[in-house]
Amino acid sequence: MDVKTIMVVGAGQMGSGIAQVCAMAGYHVFLHDISQAQIDKGLANIEKLLSRQVEKGKMTEEEKAATLSRLTPSTDLQNAAQVDLVIEAIVENMDVKTKLFAELDQIAPPHAILATNTSSLPITEIAAATKRPEKVIGMHFMNPVPVMKLVEIIRGLATADEVYETIEAITRKLNKVPVEVNDFPGFISNRVLMPMINEAIYALYEGVATKEAIDEVMKLGMNHPMGPLTLADFIGLDTCLYIMETLHEGFGDDKYRPCPLLRKYVKAGWLGRKTGRGFYTYE
């Protein structure tokens, strides 16, 4: 299947990063959001990151201009009628996602693939909201998208082989490494990562060590580039809680029970870097 035009739905940190790498790879990209302010912020962030690439000599001014010229802002979902692939990168909430996919199913042309950047929700359930479940697939990018190489590609129960092969080829064209994963809660990345972060929060909650000590042990002892509590702040504590709840509900196993301290911080609005305070304080 030949994909030339892509719509990325959601102009936040993940969505703008996905739009950037797609435009850099030569695709025409609609960056869609219901908020014009969020689109402006996303495009400004892309321009800043591309300028940094130019300063480092990794990109020419002409390549930067060409990349930006392939990005089209969109606040009208009807623009999905012009695309071959939609990549959804909105809030990690099943009701919101299924509502969007039902709308996209009505608007996007019959040949278009509908992909979701969900980090933990079942692809099969999202696909069931459409009349084209064979064309729905998971395409889970890592944060920050322009830097991280991995893309987990998750087949739903009905995903067609041709759709998987198309998405795998696109992933390689984006200069990413595709890894095939089956449709289980949390896939691989978050099924392994989130319980580790949750256990680090339990260690803090139980007074085993300070947050600094916990992070230092994992950095120096396990060679992790950042400690689990710093990483939780970077991801967003609300996102960590939501993924742990998805794992707990999906597997029905208490080993995935979110730490009470994580719940308390989220209720307090201490969500990490994005709010200026999580396990650490950010200026």
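Every chain is numbered independently, its residues counted from 1 as its sequence is written. Where totals are concerned, whole chains, interfaces and linings use all residues; where local detail is concerned, this predicted model gives features only for residues with pLDDT of at least 70, and gives and counts side-chain atom pairs only at 80 or more. Note that the side-chain values use all heavy atoms of the structure and ignore hydrogens as well as water.

1. Re the UniProt feature "domain: 3-hydroxyacyl-CoA dehydrogenase C-terminal" (unreviewed entry) in the protein
Next, step 1: Within this numbering scheme, the UniProt entry marks residues 186-282 as carrying the feature "domain: 3-hydroxyacyl-CoA dehydrogenase C-terminal" (unreviewed entry).
Next, step 2: Helix numbering and strand numbering both begin at the N terminus, where a helix is a DSSP run of H or I of at least 4 residues and a strand a DSSP run of E of at least 2. A helix fraction of 62% and a strand fraction of 0% characterise residues 186-282, whose end C-alpha atoms lie 28 Å from each other. UniProt positions are given in the numbering used here, feature names are shortened, and annotations may be inferred rather than shown by experiment.

2. Some details on the pairing of strand β1 (residues 5-9)
Next, step 1: Burial analysis of β1 places five of its five residues in the buried class, which makes it a mostly covered element.
Next, step 2: Remark: exposure states derive from per-residue accessible area (1.4 Å probe, protein chains only) relative to the maximum for the residue type, with buried under 20%, exposed over 50%, and partly exposed in between. The side-chain alternation of β1 yields two buried faces, one formed by Thr5, Met7 and Val9 and the other by Ile6 and Val8.
Next, step 3: Here, the term right-handed applies to a crossover whose path from the first strand over the helix to the second runs clockwise when the strands point away from the viewer. As for the winding sense of the linkage, the β-α-β connection from β1 through helix α1 (residues 13-24) to strand β2 (residues 28-32) is right-handed.
Next, step 4: A pair of strands is labelled paired if DSSP reports no fewer than 2 bridges between them. In the sheet, β1 pairs with strand β4 (residues 85-88) via four bridges, with the strands oriented parallel. The partner of Met7 across the bridge, within β4, is Val86.

3. Side note on helix α7 (residues 189-205)
Next, step 1: Taking 1.5 Å per residue as the helical rise, α7 with its 17 residues ought to reach 24 Å, and the 24 Å between its terminal C-alpha atoms agrees with that figure.
Next, step 2: Lining the buried residues of α7 we find β6 (136-141), β7 (150-155), α8 (211-222), α9 (228-235), α10 (237-251) and α11 (260-267).
Next, step 3: At the exit of α7 stands Gly207, carrying a positive phi of roughly 75°. Helices are assigned an expected span. That span is 1.5 Å times one less than the residue count. Here, residues are in contact when the closest pair of their heavy atoms is within 4.5 Å.

4. So, the sheet that holds β4
Next, step 1: With mixed pairing, eight strands are arranged side by side in an open sheet as β3-β2-β1-β4-β5-β6-β7-β8. Only two strands of the sheet have a single partner each, and these edge strands are β3 (71-74) and β8 (177-181). Between one strand axis and the next, the sheet turns through 25° on average, direction left out of account.
Next, step 2: Only C-alpha atoms enter the line fits that serve as axes; for helices the fit covers just the stretch in contact. Angles between N-to-C directions range over 0 to 180 degrees. Contacts between helix α6 (residues 161-173) and the sheet are confined to β4, β5 (113-116), β6, β7 and β8, with β7 contributing the most and set at about 175° to the helix.

5. Quick notes on the UniProt feature "binding site: NAD(+)" (unreviewed entry) in the protein
Next, step 1: Those places that UniProt annotates as "binding site: NAD(+)" (unreviewed entry) correspond, in this numbering, to Gly10, Ala11, Gly12, Gln13, Met14, Gly15, Asp33, Glu92, Lys97, Ser119, Asn143 and Lys274.
Next, step 2: Aside from chain neighbours lying at most four places away, what touches Gly15 is Val8, Gly10, Leu31 and Ala89.
Next, step 3: Tracing the backbone through its elements, the reader meets Ser119 in the loop between β5 and α5 (123-127).
Next, step 4: Since its relative accessible area comes to 12%, Ser119 is described here as buried.
Next, step 5: Ser119 has contacts with Glu92, His140, Gly186, Phe187, Asn190 and Ile243, leaving out every residue within four places of it along the chain.

6. Quick notes on the packing of aromatic side chains
Next, step 1: Pairing of aromatic rings covers Phe, Tyr and the six-membered ring of Trp, with a centre-to-centre limit of 6.5 Å; geometry is then stacked below 30 degrees between planes, edge-to-face above 60, and tilted otherwise. Tallying each qualifying case throughout the model produces four aromatic pairs.
Next, step 2: Their ring planes at 75° and their centres at 5.1 Å tell us that Tyr265 and Trp270 sit as a pair that is edge-to-face.
Next, step 3: Residue classification places Tyr265 among the buried positions, given a relative accessible area of 16%.
Next, step 4: Three or more aromatic residues joined by ring pairs form one cluster here, namely Tyr265, Trp270 and Phe279.
Next, step 5: The residue whose ring lies beneath Lys173 is Tyr27, and the NZ or CZ to ring-centre distance is 4.4 Å. For a Lys NZ or an Arg CZ to count as sitting over a ring, it must be within 6 Å of the ring centre and within 35 degrees of the ring normal.

7. Description of the environment of Ile201
Next, step 1: Counting through the fold element by element, Ile201 comes out in helix α7.
Next, step 2: The buried category is assigned to Ile201, whose relative accessible area is 0%.
Next, step 3: When the C-alpha atoms of Ile201 and Ala232 are compared, they prove to be 9.3 Å apart, with 31 residues separating the residues in sequence.
Next, step 4: Excluding anything up to four places from it in sequence, Ile201 contacts Leu229, Cys259, Leu261, Leu262 and Phe279.

8. Quick notes on the state of the cysteines
Two cysteines joined by a covalent bond between their sulfur atoms form a disulfide.
Next, step 1: Two cysteine sulfur atoms make up a disulfide if the distance between them is within 2.5 Å. Evaluated as defined, the whole model comprises zero disulfides.
Next, step 2: Not engaged in a disulfide, the cysteine Cys259 finds its nearest cysteine sulfur in Cys240; these two sulfurs lie 12 Å apart.

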